[in-house]
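# Working through the structure, step by step
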Amino acid sequence: MQLECNRTVICGKIAKLGVLRYTPAGVAVIEFTVNHESRQKEAGVVRQIILDVLAVALGPLALTIAGFKLDSMVKLTGFLNRKSYMSAQLVLHTEHIELI
């Protein structure tokens, strides 16, 4: 049984911005990294959270992100998947992004 629950929302600053490229089918693709810092409460204790999220965007959204500057604060919404069939590294496939 497959579940369709795979939704991620995270805010942070753009720490790395890859080169805009195109697939053989002509679809724009860009990879980028978002640095997230926050304080989260877990089991009654506040924890400092610092992490980097590898993200990718395709199509018109890739063109939009290619125009962003490093250190831009953004809110991403998308789903998680492996980077490739042979890699267990997670990548956030961005479906929506907004400057914050």
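For the structure, check the block above.
Residues numbered from 1 in each chain as written. Predicted model: local features only at pLDDT ≥ 70, side-chain atom pairs only at ≥ 80, totals over all residues. Heavy atoms only, no water.

### Points about the overall build of the chain
Put simply, the rule reads: A run of H or I in DSSP counts as a helix once it spans at least four residues, and a run of E counts as a strand once it spans at least two, with each numbered from the N terminus. Between buried and exposed lies partly exposed: a residue is buried under 20% and exposed over 50% of the maximum accessible area for its type, with that area taken using a 1.4 Å probe on protein chains only.
Of regular secondary structure, the chain possesses one helix and six strands. Starting at the N terminus and walking to the C terminus, you meet the elements of the chain as β-β-β-β-α-β-β. Overall, the chain is about 50 × 40 × 20 Å in size when its C-alpha atoms are taken along their principal axes. Across the 100 residues that make up the chain, the buried fraction comes to 33%.

### Re the pairing of strand β5 (residues 73–84)
Basically, it comes down to this: Strand pairing is assigned whenever DSSP identifies at least 2 bridges connecting the two strands.
Bridge count for strand β1 (residues 8–17) against β5 is six bridges, and the pairing is antiparallel. Within β5, the position partnered with G12 by the bridge is V74. In this structure, β5 lies alongside strand β6 (residues 87–99), joined through ten bridges in antiparallel fashion. Note that in β6 the partner of V74 across the bridge is L99.

### Details of the nonpolar core
Selection criterion: Side-chain atoms within 4.5 Å are what join buried Ala, Val, Leu, Ile, Met, Phe, Trp, Tyr and Cys residues into a set we call a nonpolar core.
The biggest cluster of nonpolar side chains holds 17 residues, and the ones touching the most others in it are F32, A57, I65, V74, L76 and I97. Every element with two or more residues in this core is listed here: β1, β3 (28–42), β4 (45–58), α1 (60–66), β5 and β6. Take this core: its biggest share by element is four residues, from β3.

### Some remarks on the state of the cysteines
Just so we agree on the cut-off: For the purposes of this analysis, a disulfide is any pair of cysteine sulfur atoms at a distance within 2.5 Å.
A complete count under the given rule lists zero disulfides for this structure. Not engaged in a disulfide, the cysteine C5 finds its nearest cysteine sulfur in C11; these two sulfurs lie 19 Å apart. Using a relative accessible area of 74% as the deciding quantity, one classes C5 as exposed. Judged by relative accessible area, which is 30%, C11 ranks as partly exposed.

### Overview of unusual backbone geometry
Of note, A43 is a non-glycine position whose phi angle comes to about 55 degrees, a positive value. Note that A43 resides in the loop between β3 and β4.

### So, the side chain of H36
This is how it is decided: Distance and chemistry together define a polar contact, namely a pair of N or O atoms within 3.5 Å, with one atom able to donate a hydrogen and the other to accept it when in protein, and with adjacent residues in sequence counting only for side-chain atoms on both sides. Any two residues whose heavy atoms approach within 4.5 Å are treated as being in contact.
Structurally, H36 is set in strand β3. Using a relative accessible area of 12% as the deciding quantity, one classes H36 as buried. Polar contacts involving the side chain of H36 include one to the side chain of S38, which spans 2.8 Å. Those residues in contact with H36, other than ones at most four positions away along the chain, are I10, C11, G12, I49, I50 and L51.

### Regarding the environment of E42
Locating E42 in the fold gives a position in strand β3. In this structure the C-alpha to C-alpha distance between E42 and E31, which are eleven residues apart in sequence, comes to 31 Å.

### Observations concerning the pairing of β4
When a strand is regular, its side chains alternate between the sheet's two faces. In the sheet, β3 pairs with β4 via 14 bridges, with the strands oriented antiparallel. Counted as the bridge partner of F32 is A55 from β4. Hairpin connection between β3 and β4: a loop of two residues separates the two successive antiparallel strands, and A43 in this loop has a positive phi of roughly 55 degrees. Two strands pair when backbone bridges link them, and β4 and β6 are joined in this way by two bridges, in the parallel orientation.

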